[in-house]
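Descriptive analysis of the structure
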Amino acid sequence: MTIECTPLGNRIGAVVRGVSLKDVPDGETLDTLETLLEEWGALVFPDQEITPAEQVAFSRPFGPLEETARIDARLEGQPEIFVVGNTGKRIVSFAPADGSDDLEWHADHMHLKVPARASMLYCKETPSVGGETVFACMYSAYDALSPEEQAQAESLTALHSVSGLQKYLKTKGEKGAAEGEYASPQQLTVRWPLVRTHPLTGRKALYVGSKVTIGIEGWDEDRARAYLDDLLARATVPEFRYSHPWKPGDAVLWDNRRVLHAGTPFDGSLYRREMHRTTIREDQPIL
Ligand code: OGA
Ligand code: MN
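Residues numbered from 1 in each chain as written. Chains lettered and ligands numbered in written order. Predicted model: local features only at pLDDT ≥ 70, side-chain atom pairs only at ≥ 80, totals over all residues. Heavy atoms only, no water.

Attention now moves to the nonpolar core. Soluble globular proteins tend to pack their nonpolar side chains together in the buried interior. Membership of the largest hydrophobic core comes to 52 residues, with the highest contact counts inside it found for Trp105, Met138, Leu194, Leu206, Ile216 and Tyr227. Here this core gets six residues from one element, more than from any other, and that element is helix 6 (residues 221–235). In this structure, Leu30, Trp40, Ile50 and Phe58 belong to the second largest nonpolar core, which totals 24 residues. (Core = buried A, V, L, I, M, F, W, Y, C linked by side-chain atoms within 4.5 Å. Buried < 20%, exposed > 50% of the residue type's maximum accessible area, 1.4 Å probe, protein only. Helix = DSSP H or I, 4+ residues; strand = E, 2+ residues; numbered from the N terminus.)

Time to look at the site of ligand 1. Taken together, Val84, Phe94, His106, Asp108, Leu121, Glu132, Thr133, His261, Gly263, Arg273 and Arg277 make up the full set of residues near ligand 1. Within the side chain of His261, one N or O atom sits 3.0 Å away from an oxygen atom of ligand 1. At 2.6 Å, a side-chain N or O of Arg277 approaches an oxygen atom of ligand 1. About the coverage of ligand 1: the protein hides 99% of its 290 Å² of free accessible area. Considering only residue class, the shell around ligand 1 consists of three nonpolar, four polar and four charged. (Near = heavy atom within 4 Å. Polar contact = N/O pair within 3.5 Å; in protein donor to acceptor, adjacent residues only side chain to side chain. Areas by Shrake-Rupley, 256 points an atom, 1.4 Å probe, with all protein chains shown as cover. Nonpolar A, V, L, I, M, F, W, Y, C, P; charged D, E, K, R; others polar.)

Before going further, it helps to spend a moment on the coordination of the manganese ion (ligand 2). The coordination sphere of the manganese ion (ligand 2) contains the protein donors His106 (NE2), Asp108 (OD) and His261 (NE2), at a distance range of 2.1 Å. Donor residues for the manganese ion (ligand 2) sit on one chain with the sequence pattern H-x1-D-x152-H. Taken together, the residues Asp108 in the loop between strand 5 (78–85) and strand 6 (116–125) and His261 in strand 15 (residues 259–263) connect sequence positions 153 residues apart. His261 shares its class with Asp108; the two are buried. (Donors = N, O, S within 2.8 Å, 3.2 Å for Na, K, Ca; no water.)

A few words on the sheet that holds strand 14 (residues 251–255). One open sheet accounts for eight strands, arranged 1-2-3-14-6-16-5-4; its pairing is mixed. Strand pairing shows two members of the sheet lacking a second neighbour, strand 1 (4–7) and strand 4 (74–75), which therefore form its edges. As defined by bridge partners, strand 4 adjoins strand 5 across two bridges and the pair is classed as antiparallel. If you follow Arg74 over to strand 5, its bridge partner there is Phe82. The sheet strands contacting helix 1 (residues 27–40) are strand 1, strand 2 (14–17), strand 3 (42–45), strand 6 and strand 14, and the helix crosses strand 3 at an angle near 125 degrees. (Pairing = 2+ DSSP bridges. Contact = heavy atoms within 4.5 Å. Axes fitted to C-alpha atoms, helices over the stretch in contact; angles between N-to-C directions.)

Attention shifts here to the packing of aromatic side chains. According to the stated counting rule, one finds five aromatic pairs in the structure shown. Plain terms: the ring middles of Phe58 and Phe62 are 5.9 Å apart, the flat faces sit at 45 degrees to each other, and that makes the pair tilted. Relative to Phe94, the ring of Phe82 has its centre 6.2 Å away and its plane inclined at 90 degrees; by these criteria the two rings are edge-to-face. Taken together, the residues span a long stretch of sequence, with Phe82 in strand 5 and Phe94 in the loop between strand 5 and strand 6 at a distance of twelve residues. Phe82 sits in the buried class, given a relative accessible area of 9%. Since its relative accessible area comes to 22%, Phe94 is described here as partly exposed. Following the ring pairs from residue to residue traces out a cluster consisting of Phe45, Phe58 and Phe62. Directly above the ring of Tyr207 sits Arg196, whose terminal nitrogen or CZ lies 4.6 Å from the centroid. The ring of Trp219 has Arg223 sitting right over it, with the charged end atom 3.6 Å from the ring centre. (Phe/Tyr/Trp six-rings, centres within 6.5 Å; stacked < 30°, edge-to-face > 60°. Lys NZ or Arg CZ within 6 Å of the ring centre and 35° of its normal.)

Structure (structure tokens):
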């Protein structure tokens, strides 16, 4: 079957047909998908009927997989599957619980020593209203800065910590996971360049989250917050976004090196949402 790729009409996002996620990708398929991922940042594979084991087997050739850090969000017998949604032992959400549009933009694992290079979410169940995932292109965000702003951003180091996310969850009335509920310690602060160069394309991308990014090295908190909030708002304007309206059977693979993402709210008292994530570890230095 030939692989067909249809762009979704924005800076990022394309639908890929002609690939069954039931099959481990061969060398040629893997090369094609890597090229498409580089080009489009987020690839949508519709109408897939796969088991958790098949998702893991499909994801593995892209690179080493992480085991889910939050013990209670692991799928039984499948430690590489992170269950996101409200059907598991614990609600796992990356969306504002108060229904606001104050989104929690992030790249996966940017608060860890080894971030995620790419991630795949597979939709088992989704609300009929809300619960979309929004992606934003950080090449576009960088390119849209003035040369002076680009030079300033390139000189800065951002600080990231899960504590930023937990603080946010608390203000939104949700309980974050306690430290003991993780398989490895999470409470560290990591430093990454605010502008990173994609190791495959050589293009520059902003690497910044809205809550998980807690500061700028050498700056006081207020100055850093104001700078980061302004940067994020400009980085995630609608022209740079693709918002995915999920259907059961959709899988989306995205490149955390140049795409941010965030969940959007839904009414958990009315709807079930179950998503399975596989997480591919970064294998290059972040420069
Ligand atoms: C994730 C994530 C967003 C969503 O699983 O990494 O950010 O819409 N999910 O569930
Ligand atoms: Mn995420």
